[in-house]
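A structural walkthrough
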Amino acid sequence: MKALEVKNICKNFGGLKVLQNVSISVETGERRAIIGPNGAGKTTLFNIISGITTASSGEIFIFGKKVTTLSPYHRARLGLGRTFQKNNLFSDMSLLENIYLAMRINKSPLNMQDFLQQWGMWNRRNIKVKKLSYGEQRQVELLLALAQAPKILLLDEPTAGMSPVEKGLILQMIKGLDRSITILIIEHDMEVVFNLADRITVLHLGQVLCEATPEIVKAKPRVQEIYLGTTGEEGWH
Ligand SMILES: Nc1ncnc2c1ncn2[C@@H]1O[C@H](COP(=O)(O)OP(=O)(O)OP(=O)(O)O)[C@@H](O)[C@H]1O
Ligand SMILES: [Mg+2]
């Protein structure tokens, strides 16, 4: 069954065509990477899928249900969870309070103590989030999304700005997630992408340039051109 279908999504900001006829279809349990240069429209696409931004045209389906006009809250209740490109935490509150709020908002069926123990964070529960290291804060952001027991998880650059060790930890967390959770991940780190993704969608200038397995995407000359920045267009991070 398709977990997510994005059909002919267009998004204009004024005269700027940020997304043009983007269609993406993701199977339940799939790990799908969305890659593309800065400004390609990746975050905008996640904002439209999660309902934060309204599309200019096109439709979104979650498990076959049309959600195009539903609020972010209602989409979350249908099982859509996400993390943000920039930390989105209540930094003056403790880890436990952050998790409590995330679970409360979405009426999560999970037990807070079991959940934090499972992720090895129970002993860190009373620490204010702002006192945690940057890497830990990004981990917490992933935990907040997981605390809502999502069926589809949108991860926007979860390893951005991390040290190799922190990156390894996040990657391990993501790789360890049950296949009942469908994952879409925006990521600039190709090692992470090739390590994780079943399929890759390449977005370029607001359009889907190609969609295939990592091996095929890696071999595409056009992708290499953009990836290596040999076209003079803006490159990757
Ligand atoms: N609210 C907005 N108003 C106007 N333009 C916007 C808005 N949000 C995004 N844009 C523009 O849309 C384009 C795509 O932005 P988006 O953030 O989706 O790119 P991205 O692929 O996520 O890039 P990055 O890899 O740098 O995160 C950019 O040109 C950006 O300036
Ligand atoms: Mg982005």
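The model shown is predicted, which means the values in this text are computed figures rather than measured ones.

Some remarks on the domain arrangement of the protein
We note that the domain assignment places domain 1 (1-79 + 151-237) and domain 2 (86-149) within the protein. The C-alpha centroid of domain 2 is placed 24 Å from the C-alpha centroid of domain 1. Across the boundary between the two partners, domain 1 contributes 19 residues, which contact 14 residues of domain 2. For the pair domain 1 and domain 2, the two sides together bury roughly 1,300 Å², of which 66% comes from carbon and sulfur. For domain 1, the biggest contributors to the area lost against domain 2 are Tyr 73, Arg 77 and Met 173; these three give 35% of the whole. Where domain 1 touches domain 2, the interface holds four residue pairs in polar contact (both at pLDDT 80 or more). For the side of domain 1 that touches domain 2, the element with the most residues is helix H6 (residues 164-175), which contributes five residues.

Section: the state of the cysteines
Applying the stated criterion across every chain yields a total of zero disulfides. Lacking any disulfide linkage, Cys 10 is separated from the closest cysteine sulfur, that of Cys 210, by 19 Å. By relative accessible area, Cys 10 is classed as buried at 18%. On the basis of relative accessibility, which here comes to 10%, the residue Cys 210 falls in the buried class.

Procedures and definitions
Residues numbered from 1 in each chain as written. Chains lettered and ligands numbered in written order. Predicted model: local features only at pLDDT ≥ 70, side-chain atom pairs only at ≥ 80, totals over all residues. Heavy atoms only, no water. Domains from an automatic or database assignment. Contact = heavy atoms within 4.5 Å. Buried area = accessible area lost by both parts, 1.4 Å probe. Polar contact = N/O pair within 3.5 Å; in protein donor to acceptor, adjacent residues only side chain to side chain. Helix = DSSP H or I, 4+ residues; strand = E, 2+ residues; numbered from the N terminus. Disulfide = S-S within 2.5 Å. Buried < 20%, exposed > 50% of the residue type's maximum accessible area, 1.4 Å probe, protein only.

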